[in-house]
Amino acid sequence: MKKSVILGAATIAGLAAGAAMAGTVDDVKARGKLNCGVTTGLVGFAAPDANGEWKGFDVAVCRAVAAAVLGDASAVEFVPTTGKTRFTALASGEIDMLARNTTWTFSRDVDLKFEFVGVNYYDGQGFMVPKALGVSSAKELDGATVCIQTGTTTELNLADFFRSNNISYEPVPIETNAEAQQQYLAGACDVYTTDASGLAATRATFENPGDHVLLPEIISKEPLGPLVRHGDHEWGDVVRWTLNAMVSAEELGVTSANIDEMSAGTDNPEVNRLLGSEGTLGEMLGLDAQWAMRAIKAGGNYGEVFAQNIGEETPIGLARGLNAQWTDGGLLYSPPFR
Amino acid sequence: MSDVSFVRTEMLPEQAPPASEVGVIGWVKHNLFSGWFNSILTLVSLYAIYYVLSGVLPWTFQSVWNANSLTECREIMMATWGSTHGHACWAVINDRWLQLLFGFYPSHLYWRPILSLVLLLVALAPVLYSDRVPSKLLIFSAIYPFLMPFLMWGGTIWGPISAALGFVVAWGVYSVLSKQLSELIGMIGAVVAAVIWWLVLSGYFTGAMDSILPIGIEAVQSRQFGGFMLAILLGVVAIGVSLPIGIVLALGRQSDLLIVKYMCVGFIEFIRGVPLITLLFVASLLLNLFLPPGTNFDIILRVMIMMTLFSAAYMAEVIRGGLAALPRGQYEGADSLGLNYWQAQRLIIMPQALKISIPGIVSTFIGIFKDTVLVSIIGLFDVLGLANAIRADTAWNGIYWELFAFIGALFFVVCFSMSRYSMYLERKLQTGHR
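Along each chain, residues carry numbers from 1 onward, in the same order as the chain's sequence is written. Going through the entries in the order they are written, you letter the chains from A and number the ligands from 1. Only residues with pLDDT of at least 70 are given local features in this predicted model, and only at 80 or more are side-chain atom pairs given and counted; all residues enter the totals for whole chains, interfaces and linings. Hydrogens and water are ignored here; the side-chain numbers use all heavy atoms of the structure.

Looking at an unreviewed UniProt entry, one finds chain B named Inner membrane amino-acid ABC transporter permease protein YhdY, with Ruegeria meonggei as its source organism. UniProt positions are given in the numbering used here, feature names are shortened, and annotations may be inferred rather than shown by experiment. Regarding chain B, the UniProt comment filed under Sequence similarities (unreviewed entry) reads as follows: "Belongs to the binding-protein-dependent transport system permease family. HisMQ subfamily."

Going by what an unreviewed UniProt entry lists, chain A is known as General L-amino acid-binding periplasmic protein AapJ and is assigned to Ruegeria meonggei. Quoted verbatim from the Sequence similarities (unreviewed entry) heading of the UniProt record, the comment on chain A is "Belongs to the bacterial solute-binding protein 3 family."

**Considerations on the overall build of chain B**
Counting from the N terminus, the helices are the DSSP runs of H or I reaching at least four residues and the strands are the DSSP runs of E reaching at least two. For chain B, the helix and strand inventory stands at 16 helices and two strands. Using C-alpha atoms as the atom set, the radius of gyration is obtained and then compared with a globule rule of 2.2 Å times the number of residues to the power 0.38. Radius of gyration (C-alpha) of chain B: 30 Å, far over the 22 Å computed for a compact globule of 434 residues. Here's how the labels work: a residue is buried when its accessible area is under 20% of the maximum for its type, exposed when over 50%, partly exposed in between, all with a 1.4 Å probe on protein chains only. Taken over 434 residues, chain B has a buried fraction of 40%. Using the Shrake-Rupley algorithm and a 1.4 Å probe, accessible areas are obtained, with residue cover drawn only from the displayed protein chains. Of the roughly 24400 Å² of accessible surface on chain B, a fraction of 70% belongs to carbon and sulfur atoms.

**Observations regarding a nonpolar patch on the surface**
All names here are of chain B. Grouping into patches uses exposed residues only, defined as over 30% relative accessible area, and leaves out salt-bridged ones; the cut-off is 9 Å for like charges and 5 Å for nonpolar side chains (Val, Leu, Ile, Met, Phe, Trp, Tyr). One side-chain nitrogen of Lys or Arg within 4 Å of one carboxyl oxygen of Asp or Glu is enough to make a salt bridge. A cluster of nonpolar side chains, Leu184, Ile188, Val191, Val192, Val195, Ile196, Leu199, Val200, Leu201 and Tyr204, forms an exposed patch at the surface whose accessible area comes to about 920 Å². Position of Val200 relative to the elements: it lies in helix H8 (residues 183-212). You can call Val200 partly exposed: its relative accessible area is 45%.

**Comments concerning the packing of helix H9 (residues 233-251) of chain A against helix H14 (residues 302-309) of chain A**
Residue and element names in this part refer to chain A. Across the interface, H9 lies against H14 with an axial gap of 6 Å and an inter-helix angle of 95 degrees. Put simply, H9 runs roughly perpendicular to H14. Touching Met246, Val247 and Glu250 of H9 are Tyr302, Gly303 and Val305, all from H14. When residues are grouped by polarity, Ala, Val, Leu, Ile, Met, Phe, Trp, Tyr, Cys and Pro land in nonpolar, Asp, Glu, Lys and Arg in charged, and all others, Gly among them, in polar. Along the lines of polarity and charge, the residues of the contact of H9 with H14 split into four nonpolar, one polar and one charged. To define axes, lines are fitted to C-alpha atoms, for helices over the stretch in contact only, and angles between the resulting N-to-C directions are given on a 0 to 180 degree scale. Here roughly perpendicular refers to angles of 65 to 115 degrees, roughly parallel to angles under 35, roughly antiparallel to angles over 145, and oblique to all remaining angles. Here, two residues are considered to be in contact whenever any of their heavy atoms come within 4.5 Å of each other.

**Some words on the environment of Gly71 of chain A**
Residue and element names in this part refer to chain A. Position of Gly71 relative to the elements: it lies in the loop between helix H3 (57-70) and strand E4 (76-81). The exposure class of Gly71 is partly exposed, given its relative accessible area of 44%. Not counting chain neighbours up to four residues away, the residues in contact with Gly71 comprise Ala66 and Arg294.

**A closer look at the nonpolar core**
Judged by nonpolar contacts, the single largest core of 155 residues is most densely connected at Leu34, Met97, Trp235 and Leu275 of chain A together with Phe225 and Val303 of chain B. Once residues lying within four places of it in the same chain are set aside, the contact partners of Phe225 of chain B are Tyr105, Met152, Trp153, Val220, Leu230, Leu233, Ile300 and Phe381 of chain B. We define the nonpolar core as a collection of buried residues of types Ala, Val, Leu, Ile, Met, Phe, Trp, Tyr and Cys that are connected through side-chain atoms lying within 4.5 Å of one another. Core analysis: the second largest hydrophobic core is formed by 15 residues, Ala138, Leu141, Ala144 and Val146 of chain A among them.

**So, the state of the cysteines**
Defined by distance alone, a disulfide is two cysteine sulfur atoms within 2.5 Å. This model, assessed by the stated rule, comprises three disulfides over all chains. For Cys36 of chain A, the disulfide goes to Cys62 of chain A, at an S-S distance of 2.0 Å. On the sign convention where negative means left-handed, the S-S torsion of about -55 degrees between Cys36 of chain A and Cys62 of chain A marks this disulfide as left-handed. Here Cys62 of chain A lies in helix H3 and Cys36 of chain A lies in strand E1 (residues 34-39), a separation of 26 residues in the sequence. Considered together, Cys36 of chain A and Cys62 of chain A belong to a single accessibility category, that of buried residues. Note that Cys73 of chain B is cross-linked by a disulfide to Cys89 of chain B, the S-S spacing being 1.9 Å. Around the S-S axis, the bridge from Cys73 of chain B to Cys89 of chain B shows a dihedral of about 90 degrees and counts as right-handed. Remark: Cys89 of chain B occurs in the loop between helix H3 (70-81) and helix H4 (91-102) and Cys73 of chain B occurs in helix H3; sequence separation between them is 16 residues. Residue classification places Cys89 of chain B among the buried positions, given a relative accessible area of 1%.

**As for the packing of aromatic side chains**
We call Phe, Tyr and Trp rings a pair once their centres come within 6.5 Å, taking the six-membered ring for Trp, and we label the pair stacked below 30 degrees between planes, edge-to-face above 60, and tilted otherwise. Summed over all chains, the structure comprises 42 aromatic pairs over all chains. By way of ring pairs, the aromatic residues Phe45, Phe57, Tyr121, Tyr302 and Phe306 of chain A are connected into one cluster. If you follow Arg320 of chain A out to its NZ or CZ, it ends over the ring of Phe306 of chain A, 5.1 Å from the centre. In this structure, Lys261 of chain B packs its charged tip against the face of Tyr262 of chain B, placed 6.0 Å from the ring centre. Only when the NZ atom of a Lys or the CZ atom of an Arg is both within 6 Å of the ring centre and within 35 degrees of the ring normal do we say a charge sits over the ring.

**As for the interface of chain B and chain A**
Contacts between chain B and chain A engage 45 residues on the former and 43 residues on the latter. Here chain B meets chain A over a buried area of about 3800 Å², counting both sides, of which 64% is carbon and sulfur. Put simply, buried area is how much 1.4 Å-probe accessible surface two parts lose in total, over both of them, once they are put together. Of all residues in chain B, Arg223, Asn397 and Tyr400 of chain B give up the largest surface area on contact with chain A, accounting jointly for 15% of the area buried on that side. Counting across the chain B and chain A interface gives one salt bridge.

**With respect to the domain arrangement of chain A**
Residue and element names in this part refer to chain A. Segmentation of the chain into domains, including their bounds, is taken from an automatic or database domain assignment. Split by domain assignment, chain A resolves into domain 1 (23-122 + 224-328) and domain 2 (125-220). Summarising the inter-unit geometry, the C-alpha centres of domain 1 and domain 2 are found 31 Å apart. With both chains or domains summed, domain 1 and domain 2 bury close to 510 Å², and 67% of this area falls on carbon and sulfur atoms. When the buried area of domain 1 at its contact with domain 2 is split by residue, Val43, Ile316 and Leu318 rank highest and sum to 46% of it. Our count for the contact surface shared by domain 1 and domain 2 stands at zero salt bridges. The definition of a polar contact used here is a pair of N or O atoms within 3.5 Å, where within protein one atom must be able to donate a hydrogen and the other to accept one, and adjacent residues in sequence count solely through side-chain atom pairs. Joining domain 1 to domain 2, the criterion identifies zero residue pairs in polar contact (both at pLDDT 80 or more).

**Examining the confidence of the model for chain A**
Residues with a pLDDT of 70 or more make up 93% of chain A, whose mean pLDDT is 87. This stretch, residues 1-20 of chain A, has a pLDDT under 50; its non-local contacts, to residues over four places away or in other chains, come to 24 contacts. For every residue, the predictor states its confidence as a pLDDT score lying anywhere from 0 to 100.

**Quick notes on the domain arrangement of chain B**
Per the domain assignment, the segments making up chain B are domain 1 (27-61), domain 2 (96-105 + 223-428) and domain 3 (155-217). Summarising the inter-unit geometry, the C-alpha centres of domain 1 of chain B and domain 2 of chain B are found 39 Å apart.

Shown next, in the form of structure tokens:
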């Protein structure tokens, strides 16, 4: 059976692995595939379609990195991870990077020995209530029953918020978002709280989305971003600047429609450096000159990816908000390509 | 003699029983309305049945089969019935049933799992229905464990062949050593030789033969396995392998050999003392950290091993129950016939012990088959994991009962068949005087 082959190979691979661990970039190139950790399914961020093809906002980051390093946006092995398995999968080398709406926190960055390469979505915890409740601010929720996922940062944020506002609440612990939707619709709780993007996606599935409102308060910071292992800075740079390339492309007006035209050379030297017609940025990364061009071509620039997966045209209908470019009053701010 | 008689001289003809005592009415009267208390119970039960069916039947049959998203489903419901409440949206099953059954297995290769399943039934036939199927088919049953992985994973044909050769090596070593030295040394030698072959030599053998004579079919990655197929694969392997291991463990636990006995006791108690979820986390997380980085020790294989060990420990205890139920006289009878240990087990003890344990064994089988859905917790896309992934698609977010009903039906069919088979087997093997 397979066992013998794999065990035999494991022994040999084990001996070789110590040396091979050094550079993820070289590993990925040698393998010809990028192992990218994603969620087991989150609306708009990562989900397989009927043909088993992965799609979503986080998935787009994986595809961009694969396109930059390997020249092929489909050369990605998507490894579904749960909230419990994600960090071990990354630490053990089963995956090369994790793009799984993971909040960048101090302890994850420092204590767990990971490196967040940036933020691809600024989220925050919000509240959803039925319109019939007649509540217009979270501060009026004194004595409400709240559906909350256990064991998450949202639980702690909620406790902090209610304590600091000196009001009381009754938690209804639930395990998954699916369960929460059912409980909330069945009236088991007055309020459902989780990340605002999740609330919007959940509300979009209701029969009468108009009967429910998202309260204006956002009570926490949840910067979600891709992360890699500590210590492998070359690989970290590749992922970081691929993400930056997507953001910069939007800022500089490079889209998947006009990229072929612009890559021939433009009047804007930064666009030229980004797309490789000028300068040696790709070489510094250990990649070729067209790396960023391929990354942007894979799914479009940041704005295009956003609009396609979670933007206002989609059923989820998220506004750009904090995730707009800094020029439009958002927080997206890519360091210059120079 | 006068013509006048004071009593009747001839029997009256038999009369039909009163209509209220026979037929449907009689049955109803006796069984459903035999007293005021039973009458009330009957009425309450009838109402309860009506209440459930009046909700479930319209939901099931007044449903939408063709739509591309939940929203579309709801629009069709509004147009047809004027309400979205109480109607199923089976369109999600229509859209995704292949994925729920096969996971991400490449669609042009679906014939391979299907063929594996058909061949599984063929391989099981001589085992399950030994009186109706020629026993020559048992040869195929022996080949099947090597054929199935080849069909499912594909790749070179030399992999399964070299795995099978391990048993040949073991047999060769055993027959040589047991003639020259002793039987025990022969058995130990055989195990050692087989392990060396599998761990060290077979890799080179497969590589060498593959370069000389590359025969194979398209390989499929474990990552692409999923859906109900994964449940069946894990279930069949765990069930098939755990029964023999369980028998050996049960015998080992009753053995007089001290080391063997305590190894078996230790194994059984350890595995039974740990939840399956913990073992699965060990398989998916801890092993990753222990093994050298970059090692690719197939995740499905790891899960298979853990599930098999888990069910083997339970199986061992079920069979030990059967062994304990046998009267001491059976063991002594076997001894008095001059049978050695293995002969006695094979001819006298095991047939009776296993027969006693059939209900327990099948319960364990059904239990482990249903436990396969736990793999969704470690990120494998079994049928429940896929249900979650399907809900994560914007088109189907918010759909629950239809998916769960479908999955429940799949599991029910398999588990119910297992249960019926075990009852058939019990009847067939019935030798008591009841």
